[in-house]
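Residues per chain are reported as follows:
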Amino acid sequence: MSAPRRRSGQGAPLVLLHGVGLDHTLWDDLVPLLEPDFEVLRYDLLGHGAAPGLTGEARVQDFIAQLDAELDRAGWQRASVLGYSMGGLIAGAYAAARPQRVERLVLLSTVFQRTPEEARAVTARLTAAATQDVGAAAAISLQRWFTPEFLATRPQRVAAIGQRLVRNDRASFLAAYRLFAQGDPILAQAAPDIACPTLAMTGEQDVGSTARMTRGLARALPDGRARVVEGQRHMLPVEAPAVVASALQAFLLPKTAESPA
């Protein structure tokens, strides 16, 4: 079992929160591109990887408390926070609850205001996850998350993520997935109180965290902006790490004044 957290790089403090069913190794492709400019902290969310399991109902307040503890452990009073997918729900809720601790916020491939059809679809996936063979369920997720080109050209990386899904503790995974599936109110309630500058970003072909959601989320925030990456699906940190790194550098790093002529 891997360590539940990793810290690397130098520069501005940046925390990365992964999605449901994954762990901190989701960021293996992106972090090397960030380390020259950021001190990056990534850790396993409750119920994932080597973190403590979830018992009973998963509550966003528990993940907020976990992020508080991780920032304290790192000795950081304040940091920028990036949340991916379910991690975006946690990051947004955290920014609203702890404005003094969040410098800037990035909501990557994050759901917002699902349509009734989209809500029914994710509820159906939650129901299936409770009974489906874990290997079959993981294969379906991977097909949704990755583009056909990446599935064909990077089968080992895809397989590694599939193995992470298969190894999940079933009870913890279902508790976290239920929070994700039923979590539409989280960002809807948090958005007006997220005062820090925020970037919402997703893939053009992401059917779960759609371009419509990302643009709507940016509009709902006091200081939000949206970016949609052409030709990409859900796994932006894995398929397009250079694009994500460039966006983070442009958004998170302080702008230097131009030198006089």
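Please refer to the structure higher up on the page.
A brief structural summary. Predicted model, so just to flag it, every value in this text is computed and none were measured.

Here S85 lies in the loop between β4 (79-84) and α3 (86-97). Apart from the residues within four sequence positions on either side, S85 is in contact with G19, L108, S109, T110, F180 and H234.

Following both chains from N to C, one finds helix α4 (residues 116-129) and helix α8 (residues 170-181) inclined at 170 degrees, their axes separated by 10 Å at the closest point. With respect to α8, the element α4 is oriented roughly antiparallel. Contacts from V122, R125, L126 and A129 of α4 reach α8 at R170, F173, L174, Y177, R178, F180 and A181. Residues that form the contact of α4 with α8 fall into these classes: eight nonpolar, no polar and three charged.

Looking now at the packing of helix α5 (residues 134-145) against helix α7 (residues 155-167). How two helices sit against one another is set out by the angle between their axes and by the gap between those axes. Here α5 crosses α7 at 135 degrees, and the two axes come no closer than 9 Å. In terms of orientation, α5 lies oblique with respect to α7. Every pair of crossing elements has a handedness; the one defined by α5 and α7 is right-handed. Packed against α5, whose contacting residues are V134, G135, A138, S141, L142 and W145, the element α7 presents V158, I161, G162, L165 and V166 at the interface.

We now examine the sheet that holds strand β3 (residues 38-43). The mixed open sheet is built from seven strands, whose spatial order is β1-β3-β2-β4-β5-β6-β7. What marks the edges here is a single partner per strand, and that holds for β1 (5-9) and β7 (224-229). Taking the axes of each pair of neighbouring strands and ignoring which way they run, one obtains an average angle of 20 degrees across the sheet. The pairing of strand β2 (residues 12-17) with β3 spans five bridges and is parallel.

So, about unusual backbone geometry. Even without a glycine there, the phi angle at S109 is positive, about 50 degrees. Mapped onto the elements, S109 comes out in the loop between β5 (102-108) and α4. A relative accessible area of 0% means that S109 is categorised as buried. If you check the backbone angles, Q113 has positive phi at about 50 degrees while not being a glycine. When you line up the elements, Q113 lands in the loop between β5 and α4. On the accessibility criterion, Q113 (48% relative accessible area) is partly exposed.

On to the nonpolar core, then. Core analysis: the largest hydrophobic core is formed by 51 residues, its most contacted members being V15, L17, F63 and L105. Element by element, the count of residues in this core is highest for α8, at eight residues. Judged by nonpolar contacts, the second largest core, of 35 residues, contains L22, L199, V229 and A245.

The volume enclosed by the largest pocket comes to roughly 610 Å³. Every residue lining the largest pocket is counted, 34 residues in all, and those nearest its centre are R125, S141, R144, W145 and Y177. Counting residues per element, the lining of the largest pocket draws most heavily on α5, at seven residues.

Side chains three or four residues apart in an α-helix point the same way, a direct result of the helix having 3.6 residues per turn. Spanning twelve residues, helix α12 (residues 241-252) covers 16 Å between terminal C-alpha atoms, matching the ideal 16 Å at 1.5 Å per step. Of all the residues in α12, the buried ones are P241, V244, A245, A247, L248, F251 and L252. Down the axis of α12, the buried side of the element spans an arc of 165 degrees, and every buried residue falls inside it.

Reading the values: the criteria
Residues numbered from 1 in each chain as written. Predicted model: local features only at pLDDT ≥ 70, side-chain atom pairs only at ≥ 80, totals over all residues. Heavy atoms only, no water. Helix = DSSP H or I, 4+ residues; strand = E, 2+ residues; numbered from the N terminus. Contact = heavy atoms within 4.5 Å. Axes fitted to C-alpha atoms, helices over the stretch in contact; angles between N-to-C directions. Parallel < 35°, antiparallel > 145°, perpendicular 65-115°, else oblique. Nonpolar A, V, L, I, M, F, W, Y, C, P; charged D, E, K, R; others polar. Left-handed = near helix turned anticlockwise from the far one by under 90°. Pairing = 2+ DSSP bridges. Buried < 20%, exposed > 50% of the residue type's maximum accessible area, 1.4 Å probe, protein only. Core = buried A, V, L, I, M, F, W, Y, C linked by side-chain atoms within 4.5 Å. 1 Å grid on protein atoms, 1.4 Å probe; cavity = no way out; pocket = protein on both sides within 12 Å on 5 of 7 lines; lining within 4 Å. Points joined across faces, edges and corners; volume = space filled by probe spheres on them. Expected span 1.5 Å × (residues − 1). Arc of directions from axis to C-beta.

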